[in-house]
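Spelled out from the first residue to the last, the chains are:
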Amino acid sequence: MASVIIAGVGSYAPARVLTNRELAMTVDTSDEWIFSRSGIRERRIAADDEACSDLALKAATTALADAKMSAAEIDLLIVATTSPDQPLPSTACIVQHKLGVPAHATCFDIAAACSGFLYALEIAYGQLLTNRYKRALIIGAEKLSSVTDWNDRTTCVLFGDAAGAAVLTKVAQPDIGILGSDLGADGKFADNLYIPAGGSRRPTSTKSVAERGHFIRMNGREVFKSAVRVMETVAREMMEQHHLTPDQISLMIPHQANIRIIESLASSLNMPMEKVYVNLDRYGNTSSASIPLALDEARRSGRIKPGDLTLLVAFGAGLTYGATLIRW
Ligand code: UT7
């Protein structure tokens, strides 16, 4: 019996810290409102000359070092992002070239918003298990500051830039690594979180720019309600499928969007907050980078030990969602 394991993880957050107090100088908000409604204190903002692939590259480099592997060994590279360097080509191809991943590797992007890292994990897992590939590098990378409307106080206080990465490989050992994943999507909620223009429905025009159509729009209350519902359902189902109770999970790493969503999830699963990883106070919502960034921090700070069970739970625009169970 073989398993697919996470052999290494890495992350990167840009140096520039943007605090709530600084934001309150440019839009009508306050540190008190942002922190009490979302749990966010500050976020990182990439430099003007830092694109999504630059963030991805740094996270990938640390993940490869952690796995003690070289880029030359990677034959599958997936980047999950909603803020790619450009519409064409894929950010994965740009990262491949910068990192030195060989030309025979399969490289592509996926668009599953904040659930993107779990979607990438599931795709790579399946491909490695069937022996189609040997070593996969999966990256969640976002420069959300480039698609944030800095005049819209209902969204600009929430998002940040970062990247996280993981190296996956197959081992001849049962019941270790990725034990299972449960992903889903419900497109009827697509209009709750979206970027209106810049695609084939509303191509870029003077009008689309004037209407600020290239920035994120969100119905926060509706997203909040959906998030609590789908995350609880998918996390519960994942544990039931594996005959586990919440007390057997050592650490839950939820998508870092809002502390109230995370607390509601933990409470409905009867999981104490001590077993839930939270870093959104320092990074805000970094979409597909959020889970691998938290995973990397948790591992490096000793919150994950050999034998531990970790439950990753995500939701995002689409509406996409998912849960992944890992034994270390
Ligand atoms: O990765 C997925 C991404 N998205 C999410 O996870 C978002 C999910 N939703 C949320 O996190 C919350 O809905 C928000 C944090 C976005 C908003 O919190 P809320 O408690 O749902 O607030 P609300 O939208 O109901 O707004 C309450 C009030 C409104 O004023 P009125 O209508 O009551 O007078 C807003 O205009 O707060 C006002 N408001 C603000 N006030 C100060 C909205 N944004 C701000 C702001 N500063 N930044």
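All of the points below concern the structure found in this document. Computed from a prediction, not measured in an experiment: that's the story for all the values here.

1. Some remarks on the packing of helix H3 (residues 52-67) against helix H4 (residues 91-99)
Two numbers describe how H3 lies on H4: the axes approach to 9 Å, and their chain directions differ by 55 degrees. The orientation of H3 with respect to H4, classified from their angle, is oblique. The hand of the H3/H4 crossing is right-handed. Within the contact between the two elements, H3 uses Cys52, Ser53, Asp54, Ala56, Leu57, Ala60, Thr61 and Leu64 and H4 uses Thr91, Ile94, Val95, Lys98 and Leu99. Looking at the contact of H3 with H4 residue by residue, the classes come out as eight nonpolar, three polar and two charged.

2. Regarding the sheet that holds strand S8 (residues 177-185)
One open sheet holds the four strands; their spatial order is S8-S13-S12-S11, and the pairing between them is mixed. Each edge of the open sheet carries a strand with a single partner, namely S8 and strand S11 (251-254). Taken over all neighbouring pairs, the strand axes of this sheet differ in orientation by 10 degrees on average, direction set aside. In the sheet, strand S12 (residues 309-316) pairs with strand S13 (residues 320-327) via eight bridges, with the strands oriented antiparallel. Residue pairing in the sheet places Leu309 in a bridge with Arg327 of S13. Seen against the sheet, helix H5 (residues 116-129) touches S8, S12 and S13 and runs at an angle of roughly 125 degrees to S8. With respect to the sheet, helix H11 (residues 290-300) is in contact with S11 and S12, its orientation differing from that of S11 by roughly 150 degrees.

What counts as what
Residues numbered from 1 in each chain as written. Predicted model: local features only at pLDDT ≥ 70, side-chain atom pairs only at ≥ 80, totals over all residues. Heavy atoms only, no water. Axes fitted to C-alpha atoms, helices over the stretch in contact; angles between N-to-C directions. Helix = DSSP H or I, 4+ residues; strand = E, 2+ residues; numbered from the N terminus. Parallel < 35°, antiparallel > 145°, perpendicular 65-115°, else oblique. Left-handed = near helix turned anticlockwise from the far one by under 90°. Contact = heavy atoms within 4.5 Å. Nonpolar A, V, L, I, M, F, W, Y, C, P; charged D, E, K, R; others polar. Pairing = 2+ DSSP bridges.

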